[in-house]
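# Fold and geometry: a report
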Amino acid sequence: MTTVTQPVPVQVHTSPTVLSALRSPRLLVREALAGLVVALALIPEAISFSIIAGVDPRVGLFSAFVMAVVISFAGGRAAMITGATGAIALVIAPVVRDHGLDYLIATVILGGVFQLILGAVGAAKLMRFVPRSVMTGFVNALAILIFTAQLPNIIGVPWLVWPIGAVGVAIIVLFPRLNKTIPAPLVAIVVLTLVTVIASIAIPRVGDEGKLPDSLPTLFIPHVPLTVETLTIIAPYALAMAVVGLLESLMTAKLVDEITDTGSRKTREALGQGIANIASGFFGGMGGCAMIGQTMINVKASGARTRISTFLSGVFLLVLVVALGQVVAIIPMAALVAVMIMVSVGTFNWHSVKPSTLKRMPVGETVVMVLTVIIVVATDNLAIGVIVGVIAAMVVFARRVSHFANVSRSIEATDTGEQHALYTVQGELFFASSNDLTTQFDYVDDPDLVIIDMSGSHIWDASTVAALDAIETKYQARGKRVDIQGLNDESLAFHGRLAGNLGAGH
């Protein structure tokens, strides 16, 4: 009897499309409410980042509006939120301080152009070289930064902020058990606002963070001289802004990919970020990149999955600050702090710090994760932490792989009775594993013929070729002959091209 095994179909996770959301009242309501929650959370953040950059609050708010709307069309990751961020504010702050607002806007526009160039040459593909340990460190550091950013709003404030914030946290945790259609963060914001207004509770409110604009953004052309001197002033900051913005945005896109079990178009996202920054600059914005905290509110806390939520977050932001500024101003900061604290708790990868996980995880992986967290938290810059983490991961990988290369020696005789030394080299040969290769040979006691069998190895770089050259040179100095055998085609071609041309010494 023959048993036929049926192939198991692979399930492909897909997010709702814009069209499907527009056709479904339930999905559309979810996307709209998510956009509203994000817009409310954007306001104090944009104001704070404007202060960091040294510009008027309207610059950050208009930047958040323009970038959210533009990226909803041009971006490659649905439901991701883009706007003014702390990382970009820190990069561009010196431009405002030393040269003024016009130079800042010119920097933002040039930064967008650089992002278009980086996107066009495929910089987004470099994301494949970010290991999971760095990604985990990035996520955990992000959660810590989101939490620590709330400390000024809960330290040195009226004591009533604490119980009100605790009620907000309770609402966010418990309300989804009653209703999953309305985002719990929105319920918390509305309830706490009503309670504090009706009870006339004097606690810090959104209006205390800075004056909200009362007009729409208009076209802004920076008045800077079009000279080489201007370019030398703004180009370094623009390039730093482009790299930091892309790195943070692509890392956020990868995180959302994992949360939603869907893919995204990283190159399109890189190009979209460039377009959004250029548009932001021409409307007097300070530029920005993906906002990780707000993205987590949108995707995890509110359950949004389409570009509609991103688009509406920008639209609602503009409506709230321009038309309903007086209403927004009375929202207690404690409500927004409660939202962000729960976002922080939900973002942190608690599994990664469980004793059982740490016990199973290789020490090198844990070191890379912890180092990424420390650097990000110490510098308050996610991009720097990720770069350091990737470099550390490369070192750990190189050390690990270098131990896989080994050399064994035997003395054999030919049919004529002549003896020769046979060295069998196993493993991957590159700079980390081949630097000690020259010490594995017995140059003094070996017979006149030395055969090196490379059939179990692969040559990856010039360091290995230089090491083999050095080995041959040492034997030749003692009147002995070396025969390298068994190279695969790629290694043979690589060795043949470089052998004898690298200046290997004795």
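Residues numbered from 1 in each chain as written. Predicted model: local features only at pLDDT ≥ 70, side-chain atom pairs only at ≥ 80, totals over all residues. Heavy atoms only, no water.

## With respect to the overall build of the protein chain
The criterion, for reference: Under the scheme used here, helices are H or I runs from DSSP no shorter than 4 residues and strands are E runs no shorter than 2 residues, and both carry numbers assigned from the N terminus. With C-alpha atoms as the basis for the radius of gyration, the globule rule is written as 2.2 Å multiplied by the number of residues raised to the power 0.38. Throughout this description, buried means an accessible area under 20% of the type-specific maximum (1.4 Å probe, protein chains only), exposed means over 50%, and partly exposed covers the range between. Note on contacts: a residue pair qualifies if any of its non-hydrogen atoms lie within 4.5 Å across the two residues. Here, Shrake-Rupley sampling with a 1.4 Å probe gives the accessible areas, and only protein chains in the shown set may cover a residue. Positive residues here are Lys and Arg, negative ones are Asp and Glu, while His and the chain termini are left out of the count. By convention, charge coordinates are those of NZ in Lys, CZ in Arg, CG in Asp, or CD in Glu.
Helix and strand counts for the protein chain stand at 20 helices and six strands. Its C-alpha radius of gyration of 29 Å places the protein chain more than 25% over the 23 Å reference for a compact globule of 506 residues. By principal-axis analysis of the C-alpha atoms, the protein chain measures approximately 105 × 80 × 50 Å. Across the 506 residues that make up the protein chain, the buried fraction comes to 52%. Long-range pairs, those at least 24 residues apart, make up 83% of the contacts in the protein chain with a sequence separation of at least 6. A total accessible area of about 23,600 Å² is found for the protein chain, and carbon and sulfur atoms account for 65% of it. For the protein chain, the centre of its 31 positive side-chain charges and the centre of its 32 negative side-chain charges are spaced 14 Å apart.

## Regarding the packing of aromatic side chains
To keep things clear, this is the line we draw: Geometry of aromatic contacts follows a simple scheme: Phe, Tyr and Trp rings, the Trp one being its six-membered ring, pair when their centres are within 6.5 Å, and the pair is stacked under 30 degrees between planes, edge-to-face over 60, tilted otherwise. The rule is short: NZ of Lys or CZ of Arg within 6 Å of the ring centre and within 35 degrees of the ring normal puts a charge over the ring.
The final tally for this structure, using the stated rule, is seven aromatic pairs. Relative to Tyr-475, the ring of Tyr-443 lies with its centre 4.8 Å away and its plane at 55°, an arrangement referred to as tilted. Pair noted here: Tyr-443 is in the loop between α18 (431–434) and β5 (449–459) and Tyr-475 is in helix α19 (residues 462–476), with a separation of 32 residues, a long-range link. What makes Tyr-475 buried here is its relative accessible area of 0%. Taken together, Tyr-423, Phe-441, Tyr-443 and Tyr-475 form an aromatic cluster joined through their ring pairs. For Lys-474, the ring lying beneath its charged end belongs to Tyr-443, and the centroid distance is 5.8 Å.

## A few points about the nonpolar core
Looking at soluble globular proteins, one finds that nonpolar side chains tend to be buried together. Rules: As used in this record, nonpolar core signifies buried Ala, Val, Leu, Ile, Met, Phe, Trp, Tyr and Cys residues forming a set joined through side-chain atoms within 4.5 Å.
Ile-43, Met-286 and Leu-317 are the most contacted members of the largest nonpolar core, which has 102 residues in total. Setting aside residues no more than four positions away along its own chain, Leu-317 makes contact with Ala-39, Leu-42, Ile-43, Leu-61, Ala-64, Phe-65 and Leu-312. In this structure, Val-450, Ile-459, Ile-471 and Phe-494 belong to the second largest nonpolar core, which totals 20 residues.

## Side note on the pairing of strand β3 (residues 406–413)
Every other side chain in a regular strand lies on the same face of the sheet, so the side chains alternate between the two faces. Just so we agree on the cut-off: Strands are labelled as partners when DSSP assigns at least two bridges between them.
Pairing of β3 with strand β4 (residues 419–429), which is carried by eight bridges, proceeds in the antiparallel orientation. Counterpart to Ala-413 in the pairing with β4 is Gln-419. Between the antiparallel neighbours β3 and β4 lie five residues, among them Gly-417 with a positive phi of about 90°.

## Considerations on the sheet that holds β5
Selection rule: Lines fitted to C-alpha atoms define the axes, with helix axes restricted to the stretch in contact, and inter-axis angles between N-to-C directions lie between 0 and 180 degrees.
Across the sheet, which stays open at both edges, the four strands sit in the order β3-β4-β5-β6 with mixed pairing between neighbours. The outermost strands of the open sheet, each flanked by one partner alone, are β3 and β6 (481–485). Neighbour-to-neighbour, the strand axes of this sheet turn through a mean angle of 20°, independent of strand direction. Of the pairings in the sheet, the one linking β4 to β5 comprises eight bridges and is parallel in character. Residue Leu-429 lies in a different strand from β5, and its bridge partner there is Ile-459. Running over the sheet, α19 touches β4, β5 and β6 and is turned about 175° from β5. Across the sheet, helix α20 (residues 489–498) touches β5 and β6, and the angle it forms with β5 is around 120°.

## Looking at the side chain of Arg-77
By the element assignment, Arg-77 lies in the loop between α3 (57–74) and β1 (82–83). Arg-77 gets classed as buried once you look at its relative accessible area, which sits at 5%. Once residues lying within four places of it in the same chain are set aside, the contact partners of Arg-77 are Ala-253, Val-256, Asp-257, Thr-260, Thr-262, Gly-263, Ser-264, Glu-269 and Arg-307.

## Some remarks on the confidence of the model for the protein chain
What counts here: The predictor attaches a confidence to each residue, and that confidence, scored 0 to 100, is pLDDT.
Here the protein chain shows a mean pLDDT of 89. Residues at 70 or above account for 96%. Across residues 7–12 the pLDDT falls below 50, and counting only partners more than four positions away or on other chains, this stretch makes zero contacts in the model.

## What to know about a nonpolar patch on the surface
How we decide: What makes a patch is a set of residues exposed beyond 30% relative accessible area and free of salt bridges, joined within 9 Å when like-charged and within 5 Å when nonpolar (Val, Leu, Ile, Met, Phe, Trp, Tyr). For this analysis, a salt bridge means a side-chain nitrogen from Lys or Arg found within 4 Å of a carboxyl oxygen belonging to Asp or Glu.
On the surface, Val-197, Val-319, Leu-324, Val-327 and Ile-330 cluster together into a nonpolar patch covering about 370 Å² of accessible area. Along the chain, Leu-324 falls in the loop between α12 (307–323) and α13 (325–328).

## Points about the packing of helix α6 (residues 132–148) against helix α14 (residues 333–347)
Note the threshold: Every angle not falling under 35 degrees, over 145, or within 65 to 115 is termed oblique; those three ranges are roughly parallel, roughly antiparallel and roughly perpendicular. For any pair of crossing helices, the crossing counts as left-handed if the nearer helix is rotated counterclockwise from the farther one by less than a right angle, and right-handed if it is rotated clockwise.
Between α6 and α14, the least distance of the axes is 8 Å, while the angle of their chain directions is 165°. Taken together, the axis directions place α6 and α14 in an arrangement best described as roughly antiparallel. As α6 packs across α14, the resulting crossing turns out to be left-handed. Between α6, through Val-139, Leu-142, Ala-143, Ile-146 and Phe-147, and α14, the contact on the second element is made entirely by Met-340, Ile-341, Val-343, Ser-344 and Thr-347.

## Observations regarding the pattern of salt bridges
Pairs can form between side chains of opposite charge once their charged atoms are near each other. For the structure on display, the rule yields eight salt bridges. Between Arg-30 and Glu-31 there is a salt bridge whose closest N-O contact spans 3.7 Å. Each of Arg-77, Asp-257 and Lys-266 takes part in salt bridges that share partners, so that together they form one network.

## Here we look at the packing of helix α8 (residues 184–198) against α14
We apply this condition: In this classification, the charged set is Asp, Glu, Lys and Arg, the nonpolar set is Ala, Val, Leu, Ile, Met, Phe, Trp, Tyr, Cys and Pro, and all remaining amino acids, among them Gly, are polar.
Interhelical geometry of α8 versus α14 gives an angle of 160° and a closest axis separation of 9 Å. Relative to α14, the element α8 is oriented roughly antiparallel. Remark: the crossing between α8 and α14 carries right-handed chirality. Within the contact between the two elements, α8 uses Pro-185, Ala-188, Ile-189 and Leu-192 and α14 uses Ala-335, Leu-336 and Val-339. Among the residues making up the contact of α8 with α14, the classes are represented as seven nonpolar, no polar and no charged.

## Observations concerning helix α4 (residues 86–99)
Structurally, the α-helix is built with 3.6 residues per turn, so residues lying three or four positions apart point the same way. For the record, the criterion: The span expected for a helix works out to 1.5 Å for each residue beyond the first.
With 14 residues, α4 ought to run about 20 Å at 1.5 Å a step, and its terminal C-alpha atoms sit 20 Å apart, in line with that. Of all 14 residues making up α4, 10 are buried, and the element is well covered by its neighbours. Listing the buried residues of α4 in full gives Gly-86, Ala-87, Ile-88, Ala-89, Val-91, Ile-92, Ala-93, Pro-94, Val-95 and Val-96. Residues of α4 that are buried in the fold lie against α2 (25–53), α5 (101–120), α9 (228–260) and β2 (289–290).

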